[in-house]
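# Remarks on the overall topology
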Amino acid sequence: MSDTAKKIIGGNRRAIAKAITLIESSRADHQTEAQELLSELLPHTGNTIRIGLTGVPGVGKSTFIEAFGTMLTKEDIRVAVLAVDPSSQVSGGSILGDKTRMEQLARDERAFIRPTPSKGTLGGTARYTREAMMVLEAAGFDVIIVETVGVGQSEVAVADMVDMFLLLLSPGGGDELQGIKRGIMELADLVIINKADGDFLNAAEIAMSDVKNALHLMKAKSPDWSADAMKISALNKTGLDEVWKKINQFIDIMKKNGTFEKRRGQQIVSAIWSELNELIRERIKKGKTEEIIALEKAVKNKEITPLAAARELLNSIFEAK
Ligand code: GDP
């Protein structure tokens, strides 16, 4: 086994951080190196609870992760946080990398926080996240939280790589409840109403019963689990141990009925197809640049349909072989 792999398995933070940087690099030699490293780590992955967490900006995600994560590390549970940050695509920088977020947890020896850049495609981001998770699992983290901001496609991708998906809502921000797409609610195994404190307490109660009603009308993802709603205050650190209990209850049930392993198997297999998609797109874009430009122009000029353009491109690739 390589020195780097040994260090990662031993929990060396610098080695972990360097490995994740390697994974994120677009350089071909780095990618080869990353894949070699990951294949060494692969047998050491899997012993983790993978949790997805989503909610619109301002709902209290970082406050929650800070409080919840610190509660866990105090019990000697090691926590890693991967934050998928769509804003970095626009600004080039990463607001989630801001040192002021989760300050206490960031300094905690038993925690590791890392923003995932979302440059490029959704598939690319999914790859970084999936592979960073492998590194963190090999490094012995007990819980990995994958945080996504907002209500878009990345939530669907993240829900497809975690064991449990949490949706954070807050009654204080006005129209978050209406703004949350039904599709996101359907992904959730547990909905957490944050800011159940002070002036928001009543509104949190109402929000919770609204959400419970909405969840009731949805089809359960598993016959053994109906998504539920609970209220917490990340600020006052109330309800957090109930959340942890609920997570463990969920994981136990899923393990007992076999869904846990089955779902992980499906997820890893579906990752092959998502990777293949990415690889094919990358390869075609590199090799067929002029043809693509011409076809895009033809589609814009309404000379051919998008499907006809895609077919033409595909045919020209297979003929070339
Ligand atoms: P994020 O954008 O989802 O990460 O949200 P933040 O964690 O940055 O929180 C946004 C704002 O909501 C901050 O001003 C927090 O102090 C506040 N906040 C977070 N959790 C709570 C809570 O439980 N109760 C109250 N009253 N405010 C909270």
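To keep things clear, this report deals only with the structure shown in the data block. Keep in mind the model is a prediction, meaning the values are calculated, not measured.

### Quick look at the overall build of the protein chain
Counting secondary structure elements, the protein chain contains 15 helices and 7 strands. Expressed as a percentage of its 321 residues, the buried residues of the protein chain come to 47%. Within the protein chain, residue pairs in contact and separated by at least 24 positions form 76% of the contacts whose partners lie at least 6 positions apart.

### Digging into the pattern of salt bridges
Evaluated as defined, the whole model comprises 13 salt bridges. A salt bridge links E137 to R50; its shortest N-O distance comes to 2.5 Å. Of the two residues, E137 sits in helix 7 (residues 122-138) while R50 sits in strand 1 (residues 49-55), which places them 87 residues apart along the sequence. Owing to a relative accessible area of 14%, R50 belongs among the buried residues under this scheme. Each of R127, R130, E275 and E282 takes part in one network of salt bridges that share partners.

### Describing the packing of aromatic side chains
Applying the stated rule across the entire model yields 4 aromatic pairs. With 5.0 Å between their ring centres and 15 degrees between their planes, F64 and F68 make a pair best called stacked. Note that F64 and F68 are positioned in helix 4 (residues 61-74) at a spacing of 4 residues, about one turn of the helix. By the burial criterion, F64 is buried, and F68 matches it. Plain terms: the ring middles of F68 and W244 are 6.1 Å apart, the flat faces sit at 70 degrees to each other, and that makes the pair edge-to-face. Residue F68 is located in helix 4, and its partner W244 is located in helix 12 (residues 240-256); the two are separated by 176 residues in the primary sequence.

### What about the site of the ligand?
Around the ligand sit 16 residues, and of these G58, K61, S62, T63 and D197 come closest. Taking K61, its side chain carries an N or O atom lying 2.7 Å from an oxygen atom of the ligand. Here an oxygen atom of the ligand and a side-chain polar atom of N194 are 3.1 Å apart. Protein coverage of the free-state accessible area of the ligand, which is 580 Å², stands at 70%. Its residues placed into classes, the shell around the ligand shows 6 nonpolar, 6 polar and 4 charged.

### A look at helix 13 (residues 259-287)
Residue pairs spaced three or four apart in an α-helix point in one direction, given the helix's 3.6 residues per turn. Taking 1.5 Å of rise per residue, 29 residues should cover 42 Å, and helix 13 covers 42 Å from first to last C-alpha, within 8% of that figure. Listed as buried for helix 13 are F260, R264, Q267, A271, E275, E278 and I284.

### Describing the side chain of D163
Within the secondary structure, D163 is located in the loop between helix 8 (153-159) and strand 5 (164-169). Polar side-chain contacts of D163 include one of 2.7 Å to the side chain of R264. The contact partners of D163, leaving out residues within four places of it in the chain, are T48, I49, R50, D189, F250, I251, F260, R263 and R264.

### Re the pairing of strand 6 (residues 190-193)
Of the two faces of strand 6, both are covered, the one formed by L190 and I192 as well as the one formed by V191 and I193. Sheet analysis places strand 5 next to strand 6, joined by 4 bridges and oriented parallel. When the bridges of strand 6 are listed, L167 appears paired with V191. Bridging between strand 6 and strand 7 (residues 228-231) involves 4 bridges; their strand directions are parallel.

### Regarding unusual backbone geometry
Non-glycine residue D76 carries a positive phi angle of around 70 degrees. Turning to its location among the elements, D76 is positioned in the loop between helix 4 and strand 2 (79-85). Despite not being glycine, K237 shows a phi value in the positive range, around 60 degrees. You can see K237 is positioned in the loop between strand 7 and helix 12. Judged by relative accessible area, which is 52%, K237 ranks as exposed.

### Considerations on the side chain of E131
Residue position: E131 is located in helix 7. For the buried residue E131, which engages in no salt bridge, the nearest side chain bearing the opposite charge is R127, 4.9 Å off. A distance of 3.0 Å separates a polar atom in the side chain of E131 from a polar atom in the side chain of Q35.

The rules behind these values
Residues numbered from 1 in each chain as written. Predicted model: local features only at pLDDT ≥ 70, side-chain atom pairs only at ≥ 80, totals over all residues. Heavy atoms only, no water. Helix = DSSP H or I, 4+ residues; strand = E, 2+ residues; numbered from the N terminus. Buried < 20%, exposed > 50% of the residue type's maximum accessible area, 1.4 Å probe, protein only. Contact = heavy atoms within 4.5 Å. Salt bridge = Lys/Arg side-chain N within 4 Å of Asp/Glu carboxyl O. Phe/Tyr/Trp six-rings, centres within 6.5 Å; stacked < 30°, edge-to-face > 60°. Near = heavy atom within 4 Å. Polar contact = N/O pair within 3.5 Å; in protein donor to acceptor, adjacent residues only side chain to side chain. Areas by Shrake-Rupley, 256 points an atom, 1.4 Å probe, with all protein chains shown as cover. Nonpolar A, V, L, I, M, F, W, Y, C, P; charged D, E, K, R; others polar. Expected span 1.5 Å × (residues − 1). Pairing = 2+ DSSP bridges. Lys, Arg positive; Asp, Glu negative; His and termini not counted.

Interpretation in functional terms is not warranted from these geometric data alone.
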